[in-house]
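A structural walkthrough
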Amino acid sequence: QVQPVESGGGLVQAGGSLRLSCAASGRTVSRPALGWIRQAPGKEREFVAAFSWRYVATYYADAVKGRFTISRDNAKNTAYLQMNSLQPEDTAVYYCALGAVASREADRYDYWGQGTQVTVSS
């Protein structure tokens, strides 16, 4: 299986910004939904944001609304997650995942990237 590939993680101070990228590797036909999902150590996976390549609508977790923005470049099959006003509680491994239908449930996605670490210091 071809995995999506995330990049752009790093260490930032609280209040800072990062932009994550996800190359979807051409799986957008059979798996048109793309989600960003994060997992902190010892915590459950948490939905962050998602869209379907077929539609304009975007979806966000309440915890990130107004701070994070998901976007796409259709020609490049690439998605982005712009993260502003980062807080220590945003610290996690961020995964890009593909699925058949956009969902706020992490287990609905079946093509997962390797993850990229985001660490926010207080």
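Up top you'll find the structure we're talking about.
Report follows, based on the coordinates.

Take the environment of Ala-14 next. Structurally, Ala-14 is set in the loop between β2 (10-13) and β3 (18-23). A relative accessible area of 38% means that Ala-14 is categorised as partly exposed. Other than its neighbours up to four places away in sequence, Ala-14 contacts Leu-86, Pro-88, Val-120, Ser-121 and Ser-122.

The final tally for this structure, using the stated rule, is one disulfide. Cys-22 shares a disulfide with Cys-96; S-S distance 1.9 Å. Residues Cys-22 and Cys-96 are joined through a disulfide that is left-handed, its torsion about the S-S bond being -70 degrees. With a gap of 74 residues between them, Cys-22 in strand β3 and Cys-96 in strand β9 (residues 92-99) connect regions that are remote in the sequence. Cys-22 gets classed as buried once you look at its relative accessible area, which sits at 0%. Assessed through its relative accessible area of 0%, Cys-96 is described here as buried.

The rules behind these values
- Residues numbered from 1 in each chain as written.
- Predicted model: local features only at pLDDT ≥ 70, side-chain atom pairs only at ≥ 80, totals over all residues.
- Heavy atoms only, no water.
- Helix = DSSP H or I, 4+ residues; strand = E, 2+ residues; numbered from the N terminus.
- Buried < 20%, exposed > 50% of the residue type's maximum accessible area, 1.4 Å probe, protein only.
- Contact = heavy atoms within 4.5 Å.
- Disulfide = S-S within 2.5 Å.

None of this, on its own, says anything about what the molecule does.
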